[in-house]
Amino acid sequence: MSVILEARNLVRDYHIPGGLLKKAKTVHALKGVSFSVEQGKTLAIVGESGCGKSTLGRILTLIDPATSGELLIEGKKIDIAKGDMTPEMRRKVQIVFQNPYGSLNPRQKIGDILMEPLVINTDTPADERRDRAMTMLKKVGLTELHFNRYPHMFSGGQRQRIAIARALMLNPKLLVLDEPVSALDLSVQAQVLNLLADLQDEFKLTYVFISHDLSVVRYIADDVMVMYFGEAVEYGSRDEVFADPKHSYTKTLFAATPRADVASIKARLAKKRAA
Amino acid sequence: MALLEIENLVVEFQTASGPFRAVNGVSMKVHEGEVLAIVGESGSGKSVSMLAAMGLLPWTAKVTADKLAFNGRDLLGMSANERRKIVGKDIAMIFQEPIASLNPCFTVGFQIEEVLRVHMGLDKAARRKRAIELFEAVGIPDPAERLNHYPHQMSGGQCQRVMIAIAIACNPKLLIADEPTTALDVTIQKQILDLLMKLQAEHKMGLIMITHNMGVVAETADRVVVQYKGRKMEEADVLTLFENPKSNYTRALLAALPDNATGDRLPTISELFVDEGAAQ
C-alpha cells in the first residue's frame with residue numbers, strides 16, 4: 001500500500017501581537033506532530049477542544065501553512081507558504097466541516113454548490129459539470145430532484161451528505177473530516193458513517209477523521225492518534241490504542257466516556273444501592 | 001405522591017401550513033429522589049414537553065393536558081404570577097448551551113444573587129455568603145474571586161457549573177437538565193454528570209435528564225422514557241431498557257450505537273416507526 005499522507009514533525013505557532021499594556025505572546029498550537037496514512041485507510045485524531053486537532057486539520061487541508069516541519073502528499077513535499085501550489089495539488093485534499101448548517105451557502109442551490117469546485121479548479125464544460133453533479137448526488141443517497149433546491153430545505157443529515165458530495169467533486173485522494181457526525185442525531189449519524197464507509201470502498205479514499213467521540217472512532221478508524229495540548233501523546237493502530245492505552249490522558253479519556261452496555265449499568269445500580 | 005405528573009400532554013404550534021403537533025399525548029411521572037431520562041432525537045418533542053411543564057413556551061404554543069401537576073398543584077390552571085413563584089424555586093432548569101444561557105452583561109455573582117433575592121428574599125450579606133457556598137458546592141475554585149467574573153471569562157465547563165449553582169440555589173425539589181453536557185468535552189462531561197448525580201443524591205432531588213446520548217442515559221438514569229416524533233415509544237427502568245427493549249424503535253436506536261456494531265455497516269433507523277407510535 002502506498003502512503004498518501006505523511007507529516008514529519010509539524011509545528012504551528014500563532015503569534016498574538018502585544019499592545020500598549022500587553023506583551024506579545026506565542027501560542028504553540030502544534031508541537032511537532034508526525035504520522036503517516038496509507039491509501040484507503042482512516043486515521044482518527046482524538047482530543048478535546050483546544051488540543052490542536054483543528055489546527056492540524058487546517059494544515060492538512062492546505063488552508064494554513066505549518067510554522068516548521070514537512071507535509072508530504074503522495075510522497076511530494078508541499079509548502080503553501082512558498083506559494084508554488086498548483087491546482088492539481090489543491091485538488092488532492094478536500095475537507096468536510098462539522099456543522100452542515102454553517103458550511104453550505106444558503107443562497108446557492110445544491111447544484112451550484114456541487115458544481116462550484118469544478119468551476120473554480122477545472123475547465124470542465126457546463127453540461128459535463130451538471131452530469132457529474134447529478135451522479136455525485138445519487139452517490140451520496142440523494143436524487144436528481146434535489147438539484148435545484150436550497151440548503152434550508154434539507155435536514156442536517158442530508159446537508160452533511162451534500163457537504164460530502166461537494167468535497168468529492170474533484171476526486172480527491174484525501175478527505176479531512178472535521179467532526180462530521182457530532183452535530184447529527186444517532187440514527188442519522190449511523191447513515192452518514194455508512195455512507196463514508198461505502199465511499200471509501202468505492203473510491204479508495206483516505207480519511208483523516210477528527211473527532212472527540214471514542215465510540216465513533218473505535219468503529220471507523222484503522223489508526224488512532226490522541227492529541228493533548230498540541231502533542232500526539234498516543235499513536236498506533238486502533239486495537240493497540242483501545243486495548244492498551246499507555247498515556248495517562250488516554251486512560252482519562254477512556255474512563256470519562258460513558259458506557260452504554262448492560263454490565264456497566266448493573267455495576268452502577270449496585271453501587272448506588274450500596275451507598 | 002409523584003413530584004411531577006403529566007398526563008396526555010399535547011403541544012401544538014401554529015404555523016403557516018396549519019397547526020403542528022410537537023408533543024402528541026405524552027404521559028409521565030417523576031418521583032422524589034428519582035432520576036428520569038428522556039431520550040429522543042431532535043424533533044422528538046423531549047425539550048418542548050419539559051418547557052411546557054415549566055411554562056416557558058412562547059404564546060404561539062397551545063398546551064393542553066389532562067393533568068399537569070407539580071407536587072399535587074395544578075400548573076395549567078394557576079395564574080402566571082403564582083407559577084413564577086414555583087418555577088426557578090421548586091422546579092429549576094439547566095440548558096444545553098451554558099455560555100448562551102448566562103447574561104453576558106452581568107457578573108456571574110450578580111446572576112446567582114438575583115435568584116436568591118427574588119425567591120428567597122435574602123439581604124445582601126446573606127446572598128453573598130450563600131453564593132460563595134453554592135460555588136463551593138459545584139466545585140468552582142476560588143469562589144469569592146470568581147463571583148466578580150463575567151461569563152466570557154470562564155470556560156464552557158465552568159459556565160455550566162455556574163448554571164447548576166443558579167439552578168440549585170433555592171434547593172429545588174425538581175431539577176430539569178436539558179442536554180446539560182452536549183456542548184462539552186467528554187472529560188468535562190464526566191465531571192458535570194458526576195456533580196449532578198452527587199447533588200441529586202445529597203438533596204434527594206427529582207432529576208429529569210433530557211438527552212440524545214445513550215451513554216449518558218446508561219450512566220445516570222433510574223427510569224427512561226423514549227420519545228419519537230412527539231410520542232412516547234417506551235418507558236422502562238434503565239436496566240430493562242438496555243437488556244430487553246420492548247419497542248422496535250428503542251431496539252433500532254440501540255443497534256445504531258457504534259459501540260454495538262457487529263458487522264461492516266451500522267443498522268439504520270427507517271421511517272417505519274411512525275406508525276408503531278400511532279398504534280400505541
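Conventions and cut-offs
- Residues numbered from 1 in each chain as written.
- Chains lettered and ligands numbered in written order.
- Predicted model: local features only at pLDDT ≥ 70, side-chain atom pairs only at ≥ 80, totals over all residues.
- Pairing = 2+ DSSP bridges.
- Helix = DSSP H or I, 4+ residues; strand = E, 2+ residues; numbered from the N terminus.
- Contact = placed C-beta atoms within 7 Å.
- Axes fitted to C-alpha atoms, helices over the stretch in contact; angles between N-to-C directions.
- Buried ≥ 20, exposed ≤ 12 C-beta atoms within 10 Å, placed from the backbone.
- Nonpolar A, V, L, I, M, F, W, Y, C, P; charged D, E, K, R; others polar.
- pLDDT = per-residue confidence, 0-100.

**Observations regarding the sheet that holds strand E1 (residues 3–16) of chain A**
All names here are of chain A.
Moving on, step 1. A sheet is described by the order of its strands in space; here four strands give the open sequence E2-E1-E4-E5, paired in antiparallel fashion. A single partner strand is all that each edge strand has here, and the edge strands are strand E2 (25–38) and strand E5 (76–77).
Moving on, step 2. Across 11 bridges, the pairing between E1 and E2 is antiparallel. Each bridged residue has a counterpart across the sheet, and for Glu6 the counterpart in E2 is Ser36.
Moving on, step 3. The strands touched by helix H1 (residues 53–60) within the sheet are E1, E2 and strand E4 (68–73), with E2 carrying the most contacts at an inclination of about 65 degrees.

**Considering unusual backbone geometry**
All names here are of chain A.
Moving on, step 1. At Asn9, a residue that is not glycine, the phi angle is positive and equals roughly 55 degrees.
Moving on, step 2. Its place among the elements puts Asn9 in strand E1.
Moving on, step 3. Accessibility expressed as a C-beta count within 10 Å gives 13 for Asn9, which makes it partly exposed.

**A closer look at the interface of chain B and chain A**
Moving on, step 1. Contacts between the two partners involve 29 residues from chain B, matched on the other side by 29 residues from chain A.
Moving on, step 2. At the level of secondary structure, the elements contributing two or more residues to the side of chain B that touches chain A comprise helix H8 (186–203), helix H9 (214–220) and helix H10 (238–243) of chain B.
Moving on, step 3. Per-element accounting of the side of chain B that touches chain A gives the leading share, five residues, to H9(B).
Moving on, step 4. Split into classes, the residues belonging to the side of chain B that touches chain A amount to 14 nonpolar, seven polar and eight charged.

**Re the environment of B:Val186**
Moving on, step 1. Assignment of secondary structure puts B:Val186 in helix H8.
Moving on, step 2. We classify B:Val186 as buried; it has 21 C-beta atoms within 10 Å.
Moving on, step 3. Those residues within four positions of B:Val186 in sequence are excluded, and the remaining contacts are A:His212, A:Leu253, A:Ala256 and A:Thr257.

**Details of the sheet that holds strand E3 (residues 42–46) of chain A**
Residues and elements named next belong to chain A.
Moving on, step 1. With respect to topology, six strands assemble into an open sheet ordered E6-E7-E8-E3-E9-E10, the strand pairing being mixed. Whereas interior strands pair on both sides, the edge strands pair on one side only; in this sheet they are strand E6 (93–96) and strand E10 (231–237). Here the average twist between neighbouring strands, direction ignored, is 15 degrees.
Moving on, step 2. Sheet topology note: the E3/strand E8 (residues 206–211) ladder contains five bridges and is parallel. Note that in E8 the partner of Ile45 across the bridge is Ile210.
Moving on, step 3. Contacts from helix H5 (residues 156–168) reach E6 and strand E7 (174–178), with the element oriented near 170 degrees to E6.

**Quick word on the confidence of the model for chain B**
Residues and elements named next belong to chain B.
Moving on, step 1. For chain B, mean pLDDT is 89; residues scoring 70 or higher make up 95% of the total.
Moving on, step 2. Per-residue pLDDT stays below 50 along residues 274–280; that stretch engages in nine contacts with residues further than four places along the chain or on separate chains.
Moving on, step 3. Interface predicted TM-score (ipTM) for the complex: 0.77; the corresponding pTM is 0.84.

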